[in-house]
Amino acid sequence: MTAPLLEIDDVSVVYGGTVHAVDGATFTLDQGGTLGLVGESGSGKTTLIKVVLGLIAPTRGQVRFDGRDVTGFKGPERMWFRAQAQMIFQDPASSLSPRLTLRRILEEPLVIHGLKLKDHWPRVLDLMSAIGLKEAQLDRYPHQVSGGQARRVGIARALILNPRLVVADEPTAGLDVSIQGDLLNLMHDLQQRLGLTYLMVSHNLSVVRKVTDSVAVMYLGKLVETGPTPTVFRAPAHPYTRALISANPVIDPERKRKHVILEGEVPSPFNLPPGCRFQTRCPMAQDRCRAEAPDLRPVGRGQNVACHFPLTDQE
Amino acid sequence: MRGVIAQIWGRSTGRLGLILVVLILIMGLGAQVISPYDPNELDILNRFSDPTWIHPMGTDHLGRDLFSRMLYGTQTALLVAVSTIIVSLVVGTLMGIGAAYAPREVERAILILFDIISSFPSLVFALAVVALLGPGLGKVVLIVSITLLPHFGRVARAQVLSLKNAPFLEAERVLGASRARLVLVHIVPNIMGPLVVLASMDIPVVITIEAGLSFLGVGVPPPLASWGTLLNDGYANLTETIWPVAFAGLMLTLATLGFTLFGEALRDAIDPKLKTDR
Amino acid sequence: MNGGGTMTTSPLLEVRNLDLDYATARGTAQVLRQVNLTIPRNRIVGVVGESGSGKSTLASVIMRLLPPNLSRLSGEVRLDGTDLLGLDPAGMARVRGNKVAMIFQDPMTALNPVFTIETQMVDIQRGKFPGRSKRELRDRALEMMAKVGIPDPVRRIAAYPHQFSGGMRQRIMIAMALLVEPDLLIADEPTTALDVTIEAQIIRLLEQIRENFSGSILFISHSLGVISTLCDEVVVMYAGSVVEQASSRDLFLSPRHPYTRALLSCEISEEDGGDTALRSIPGNVPDLFDLEPACIFAARCGQAEPRCRQAVPPLRELAPGHRAACVLA
């Protein structure tokens, strides 16, 4: 058993002294694995991935990459980490500098890291052909290419520095179903070929179920459940996870599942109730939930859940 | 670039503006070549001449050739306008970008400074400074560029703020780009459009301020020709001849009209909202 | 109003041979071609399609909210027998505030940010109920707000649109649409911008509403799952054409058009293991310029034969209520 590539250890991000955008998040991600980070808007997913990438310093806690504290990186160490951890953006077109040609955009990683174009460009071309980009397209500007091409440029840029960790923020958002498979297959191939580790943020539970091997569910800044994907989807232990899975609409008319529909909406992070953050919408909240905030704790089969009364298998 | 010019040419006001601007540029830049006389050469016997084939715009009270003086006045106006705008554009933009990235207190201080500058009537401010330091071309440039700083600074700041959290900048940060690289390679090219438009619209403002200061005798010092001093000389001798006032006024009018029309056409041509529709 | 007495079996809305072109810088884009569809009374009909399928344009045609670069519009859109395309603007305005209402993906585009919800909910009813007092209209609004699940309506009615969450705004839009008791409610991707648990709430709300709603709903979505959950009938559109229409059950259990089948196979199902590659439809959605007289899907269809490229296949009835535009189906 090797040490995990990424360890998130009790990370909190507090804005303005009171708003807990992320509160005590803890999980690990093994080399070569794919972790799905799931949650609705306002859950803190975006803040958490920025912490992972070292763009935001956590108020408390540590992010360790390869055993080293990400927040302490300075100078050359920081640049090393910048090459090791990359990101694929949700909206590919707006993640490309609009006044640069695609060629310049793909040269950026090399220029920033002081690498000679001459020595490294052949490798970029190899990568491009694996991704399905042609050099002839590179003299265009981002607004002159299709969304699919912009997406591929974004992926190529993220991989040029040979990262080990790739954070993918909603990689399939806005994609038609008929082409989403292409992208996910490509990401899978690249993972196999380059030994990548993925941290994938997605609200699409079908995608998460299919492509991740572990999953972390966030609600209002807290991780409410983590565990192996098949286990969590088969037997969610947190009532929120169960509701989330059941809210994902099923196509097959013969397998309409019983919906657990959550009442109410996510409360404002500015005035959280004492106790469990999910209590206002939880169908099974009890007195203890209103008094005491549950911590993430193991419930077997590799699952961790932050609930006083976790669901057991088959209800 | 070619597309922008074509768009300006495509509308009648833009075309008029472009023609006037090019004409004025030719007059100003080519003054040394075009002018038939030394602008300071006196010909007392021939003073107050009406326009003739020898003196196309006539002569002034010292018998100097008005056409030559007008060409050199154009050169002065352009020199003052361009250097003022460049100083103001560069310093203002840097202050604006600085404000957008600075800690809150510094940002507030810069904004208050902008408010103070723009609350001063620029002509009064200029008069005060000249009264204190004496007249001079460099001082005119300095004064006017300070009064224009808030224009560029505010627009630059607003542009940077709207871009600051753009995903493409975040992508560069993830790659490890330094802040200087973010600003110079990625932000500046994206905010230049509106600033260039603003600069071209400010040119007529600078030209009028320079002419006004010179008219009042606190701008460009004699014997340098300026539309303002030409107007003033002509005004003093209006009983003898109207031509100096008429031609200097005409030049001033054509220059402000030309640059204004050109600036408006330029704005419409590179307005980002119109551009994305194509 | 609720049509209980008149036992009409004629459909509520019939779209016949609808063609629509836009003039663009690149030429004429044939955005809708020979669109035919029928919306029966008191049904929820889903229109599903990917980007560029023309499903939202279809809604715009029914509402007659069309952009200025429209260069051709022919065919019929009959609501209760009246051809909407033949109405003058005043007549169409009466239909809009009265017989047809629409809700959008982004409610903020339809709500005026400077007026309170009360003002907007009262105003929308004036066309339909000119005789009623403001007080009556307000009471109806409050009642409807409670019905669509907005808590504390008496207090919330005085708020402005931006003071509501996305889910609540969509509920307000639904309430406003229902206040005019339309015969047809068009919902254009109403849950796309919402989180999944809120989406589930809105879908349940629409299911509850239909029990007391005498009209029909035209529900436009790219999500097969949402359509399958909510709709009685489904229309599948591809690149400006209707390729299949059937009852929801028939369509999802025995799809006949190759595009529908391909689309369904792209969806990730619960059986998909971690190692199987995902499916996709090869190629791209065709440009809508200079279209050949051929099946619009032929270029990407795995089963295409020469005859598929020789003529546009018409929508054929394959079984009662099940139609597909494919010569092979």
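In what follows, the structure referred to is the one given above.
Read on for a plain summary of the structure. Because the structure is predicted, anything quoted here is derived from the model rather than measured.

## Some thoughts on the overall build of chain C
- The helix and strand inventory of chain C stands at 10 helices and 12 strands.
- For chain C, whose C-alpha radius of gyration is 21 Å, the value lies close to the compact-globule estimate of 20 Å for 329 residues.
- With respect to the three principal axes, the spread of C-alpha positions in chain C is 65 × 50 × 45 Å.
- Every one of the 329 residues in chain C was classed for burial, and the buried ones make up 51%.
- Restricting the contact set of chain C to residue pairs at least 6 apart, pairs at least 24 apart contribute 64%.
- Total accessible area computed for chain C in this model is approximately 14200 Å², and 51% of it derives from carbon and sulfur atoms.
- The average position of the 35 basic charges and that of the 37 acidic charges among the side chains of chain C differ by 4 Å.

## Notes on the side chain of threonine 47 of chain A
- Of note, threonine 47 of chain A is situated in helix H1 (residues 45-52).
- In contact with threonine 47 of chain A, other than residues within four places in its own chain, are Val13, Tyr15, Ala21, Val22 and Ile56 of chain A.

## Points about the interface of chain A and chain B
- Each partner contributes residues to the interface: chain A has 25 residues there, and chain B has 15 residues.
- Both faces considered, chain A and chain B share a buried interface measuring about 1800 Å² in area, 58% of it formed by carbon and sulfur atoms.
- On the surface where chain A and chain B come into contact, there are 2 salt bridges.
- Note that lysine 50 of chain A and glutamate 170 of chain B form a salt bridge whose closest N and O atoms lie 3.3 Å from each other.
- In this assembly, chain A and chain B are joined by 9 residue pairs in polar contact (both at pLDDT 80 or more).

## Remarks on the pairing of strand S3 (residues 34-38) of chain A
All names here are of chain A.
- With respect to burial, S3 is a largely interior element, 5 of its 5 residues being buried.
- Neither face of S3 is left uncovered, since the one carrying Thr34, Gly36 and Val38 and the one carrying Leu35 and Leu37 both have all their residues buried.
- Across 4 bridges, S3 lies against strand S8 (residues 197-201) in parallel orientation. The residue bridging leucine 35 from the neighbouring strand is leucine 199, located in S8.
- Relative to strand S9 (residues 214-219), S3 is paired through 4 bridges, and the arrangement is parallel. Residue leucine 37 lies in a different strand from S9, and its bridge partner there is alanine 216.

## A look at unusual backbone geometry
- Positive phi outside glycine occurs at aspartate 66 of chain A, with the angle close to 55°.
- Among the secondary structure elements, aspartate 66 of chain A is positioned in the loop between strand S4 (60-65) and strand S5 (68-69).

## Remarks on the nonpolar core
Residue and element names in this part refer to chain B.
- With 70 residues, the main nonpolar core has Ile8, Met70, Ile187, Ile191, Ile207 and Trp227 as its most contacted residues.
- Considering each element in turn, this core owes the most residues, 14 residues, to helix H4 (residues 66-101).
- Not counting chain neighbours up to four residues away, the residues in contact with methionine 70 comprise Met57, Trp227, Leu230, Pro244, Phe247, Ala248 and Met251.

## Some points on the arrangement of the chains
- By number of contacts, the leading pair among the 2 pairs of chains in contact is chains A and C.
- For chain B and chain C, which are not in contact, the least C-alpha distance works out to 8 Å.

## Here we look at the sheet that holds S3 of chain A
Residues and elements named next belong to chain A.
- Reading across the sheet, the 8 strands line up as S6-S7-S8-S3-S9-S10-S12-S11 and stay open at both edges, with mixed pairing between neighbours. What marks the edges here is a single partner per strand, and that holds for strand S6 (85-88) and strand S11 (297-298).
- Docked against the sheet, helix H9 (residues 239-247) engages S3, S9 and strand S10 (222-228), running at close to 105° with respect to S9.

What counts, and where the lines are drawn
- Residues numbered from 1 in each chain as written.
- Chains lettered and ligands numbered in written order.
- Predicted model: local features only at pLDDT ≥ 70, side-chain atom pairs only at ≥ 80, totals over all residues.
- Heavy atoms only, no water.
- Helix = DSSP H or I, 4+ residues; strand = E, 2+ residues; numbered from the N terminus.
- Rg over C-alpha atoms; globule rule 2.2 N^0.38 Å.
- Buried < 20%, exposed > 50% of the residue type's maximum accessible area, 1.4 Å probe, protein only.
- Contact = heavy atoms within 4.5 Å.
- Areas by Shrake-Rupley, 256 points an atom, 1.4 Å probe, with all protein chains shown as cover.
- Lys, Arg positive; Asp, Glu negative; His and termini not counted.
- Charge placed at Lys NZ, Arg CZ, Asp CG, Glu CD.
- Buried area = accessible area lost by both parts, 1.4 Å probe.
- Salt bridge = Lys/Arg side-chain N within 4 Å of Asp/Glu carboxyl O.
- Polar contact = N/O pair within 3.5 Å; in protein donor to acceptor, adjacent residues only side chain to side chain.
- Pairing = 2+ DSSP bridges.
- Core = buried A, V, L, I, M, F, W, Y, C linked by side-chain atoms within 4.5 Å.
- Axes fitted to C-alpha atoms, helices over the stretch in contact; angles between N-to-C directions.

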